[in-house]
Amino acid sequence: MKHTFIAASIALVSTCSLALISTSAAAHNHQNAKLEAAVSSDFRQAKNSARDEYRHPLQTLSFFEIKPTDTVIELWPGGGWYAEILAPYLAKEGHYIAGNFDTNPSDEKLKNGYRAKSGKKFVAWLNNNQAKLGEATTVTFDPPTYYVMGEDNSADAVLTFRNLHNWAMKGYLEPVFESAYKVLKLGGTFGVVEHRANPGMDVKSGYMEQAEVIKLAEKAGFTFVGSSEVNANAKDTKDYPKGVWTLPPRLALADQDKQKYLDIGESDRMTLKFIKK
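Reading the values: rules and limits
Residues numbered from 1 in each chain as written. Predicted model: local features only at pLDDT ≥ 70, side-chain atom pairs only at ≥ 80, totals over all residues. Heavy atoms only, no water. 1 Å grid on protein atoms, 1.4 Å probe; cavity = no way out; pocket = protein on both sides within 12 Å on 5 of 7 lines; lining within 4 Å. Points joined across faces, edges and corners; volume = space filled by probe spheres on them. Helix = DSSP H or I, 4+ residues; strand = E, 2+ residues; numbered from the N terminus. Buried < 20%, exposed > 50% of the residue type's maximum accessible area, 1.4 Å probe, protein only. Pairing = 2+ DSSP bridges. Right-handed = clockwise from strand over helix to strand, strands pointing away. Axes fitted to C-alpha atoms, helices over the stretch in contact; angles between N-to-C directions. Parallel < 35°, antiparallel > 145°, perpendicular 65-115°, else oblique. Left-handed = near helix turned anticlockwise from the far one by under 90°. Contact = heavy atoms within 4.5 Å. Polar contact = N/O pair within 3.5 Å; in protein donor to acceptor, adjacent residues only side chain to side chain. Salt bridge = Lys/Arg side-chain N within 4 Å of Asp/Glu carboxyl O.

Draft legend 1. Fine view of the layout of surface pockets. Put simply, the largest pocket is a space of about 1100 Å³. Residue lining of the largest pocket: 39 residues in total, with Pro 77, Gly 78, Gly 79, Tyr 114 and Arg 162 positioned closest to the centre. Those elements that provide at least two residues to the lining of the largest pocket are α2 (46–49), α6 (114–128) and α8 (164–170). Residue contributions to the lining of the largest pocket peak at 7 residues, all from α6.

Structure below.
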């Protein structure tokens with residue numbers, strides 16, 4: 001009788017374990033299917049989809065483990081390249097928040113500047129696509145005036161794509177990292193994609209050293225989980241007249257050696273994942 005009870009208990013535990021694994025696998029497959037649908041959606045502009053070969057959104061967001069139920073803050077979405085994927089992906093079950101430029105700066109000289117105009121254009125895009133984007137919102141995130149991304153411990157993920165050099169050149173990077181740490185929940189993800197420098201390069205080139213980025217994030221309290229080479233580019237020699245902006249998509253030299261830089265492609269990029277413990 002005793003052996004029968006033990007055997008039955010083992011069988012029950014095994015059945016429960018298999019059920020949990022099956023449920024987890026189903027959730028993972030659902031997540032992947034939704035993300036794949038968002039990446040392949042015709043809602044995205046063709047010119048943006050054309051850059052997938054360099055930016056690898058499916059692999060990048062999978063590496064960051066962004067779930068459709070997450071509250072995600074994307075810092076400085078710019079023209080909305082990643083927003084076109086993330087906002088629809090999160091629309092039904094999660095929440096997309098853009099850390100946007102100040103659209104109404106107090107300085108009159110800035111009211112018609114790039115940031116204010118870009119910020120207004122992004123807000124208009126959100127408003128014009130509410131049916132597709134759900135409750136997607138913005139928060140003003142524009143150092144050095146606006147650093148706060150939201151309430152403490154309120155976000156599942158903070159993501160930034162090719163922005164670190166902008167903050168580093170102005171001396172804002174450490175407080176940006178600290179603000180990201182504050183807004184994240186325990187276990188939350190800080191995902192970073194940035195142009196990767198060779199040792200000793202000046203940040204004015206637009207490239208940053210991977211070891212230095214990890215060091216600064218850890219100083220802010222983050223735990224480094226790992227890196228992915230999905231956005232690496234071995235052809236990028238990083239020694240151009242106009243820094244990283246010499247390469248596509250900017251092509252800062254216009255037609256000068258244009259084919260050479262098109263053949264290199266977009267920059268070599270680090271893809272780093274941190275968590276808040």
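Draft legend 2. Structural view of the pairing of strand β2 (residues 95–100). With respect to burial, β2 is a largely interior element, 5 of its 6 residues being buried. Pairing analysis gives 5 bridges linking strand β1 (residues 71–75) to β2, with the strands arranged parallel. Along β2, the bridge assignment pairs Ile 73 with Ile 97. Read as a crossover between parallel neighbours, the route from β1 over helix α5 (residues 83–90) to β2 is right-handed. Relative to strand β3 (residues 137–140), β2 runs parallel, the two sharing 4 bridges.

Draft legend 3. Here's a closer look at the packing of helix α9 (residues 173–183) against helix α10 (residues 210–219). Between α9 and α10, whose axes approach to 9 Å, the crossing angle comes to 50°. As summarised for this structure, α9 and α10 are arranged oblique, according to the angle between their axes. In this structure, the crossing between α9 and α10 has a hand that is right-handed. Side by side, α9 and α10 meet where Leu 173, Glu 174 and Phe 177 of the first sit next to Val 213, Leu 216, Ala 217 and Lys 219 of the second.

Draft legend 4. Structural view of the side chain of His 56. Within the secondary structure, His 56 is located in the loop between α3 (52–55) and α4 (57–63). Here Val 230 takes part through its backbone oxygen, which lies 3.0 Å from a polar atom of the side chain of His 56.

Draft legend 5. Main features of unusual backbone geometry. Omega for the peptide link from Pro 143 to Pro 144 comes to 10°, which places this bond in the cis form. Take Pro 144: it is sitting in the loop between β3 and β4 (155–161). Put simply, Pro 248 and Pro 249 share a cis peptide bond, and its omega is 10°. Tracing the chain through its elements places Pro 249 in the loop between β6 (223–228) and α11 (258–264). Positioned with a positive phi, His 56 is a non-glycine residue whose angle comes to about 45°. Classification of His 56 by relative accessible area gives buried; the value is 17%. A positive phi angle is found at Asn 153, which is not glycine, with a value near 60°. Relative to the helices and strands, Asn 153 is located in the loop between β3 and β4.

Draft legend 6. A look at α9. When we look at burial in α9, the residues that qualify are Leu 173, Val 176, Phe 177, Ser 179, Ala 180, Tyr 181 and Val 183. Buried-residue contacts for α9 involve β1, β4, α8, β5 (184–195) and α10.

Draft legend 7. Quick peek at the pattern of salt bridges. The tally for this structure, following the rule as stated, stands at 12 salt bridges. Note that Asp 52 and Arg 44 form a salt bridge whose closest N and O atoms lie 2.8 Å from each other. The same class applies to Asp 52 as to Arg 44, namely buried. With a shortest N-O distance of 2.7 Å, Glu 266 and Arg 51 are connected by a salt bridge. With Glu 266 in the loop between α11 and β7 (269–275) and Arg 51 in the loop between α2 and α3, this residue pair connects regions lying 215 residues apart in the sequence.

Draft legend 8. Quick look at the side chain of Arg 269. Its location among the elements puts Arg 269 in strand β7. Look at Arg 269 and you get buried, because its relative accessible area is 2%. Among the polar contacts listed, one links the side chain of Arg 269 to the side chain of Glu 266, at a separation of 2.7 Å. Each residue touching Arg 269, except ones within four places of it in the same chain, is listed here: Arg 51, Tyr 54, Arg 55, Arg 162, Val 193, Glu 194, His 195, Arg 196, Asn 231 and Ala 232.

Draft legend 9. Looking closely at the environment of Leu 216. Position of Leu 216 relative to the elements: it lies in helix α10. Classification of Leu 216 by relative accessible area gives buried; the value is 13%. Along the sequence, Leu 216 and Glu 178 sit 38 residues apart, while their C-alpha atoms lie 9.5 Å from each other. If we ignore the near neighbours within four places in the chain, the residues touching Leu 216 are Leu 173, Glu 174 and Phe 177.

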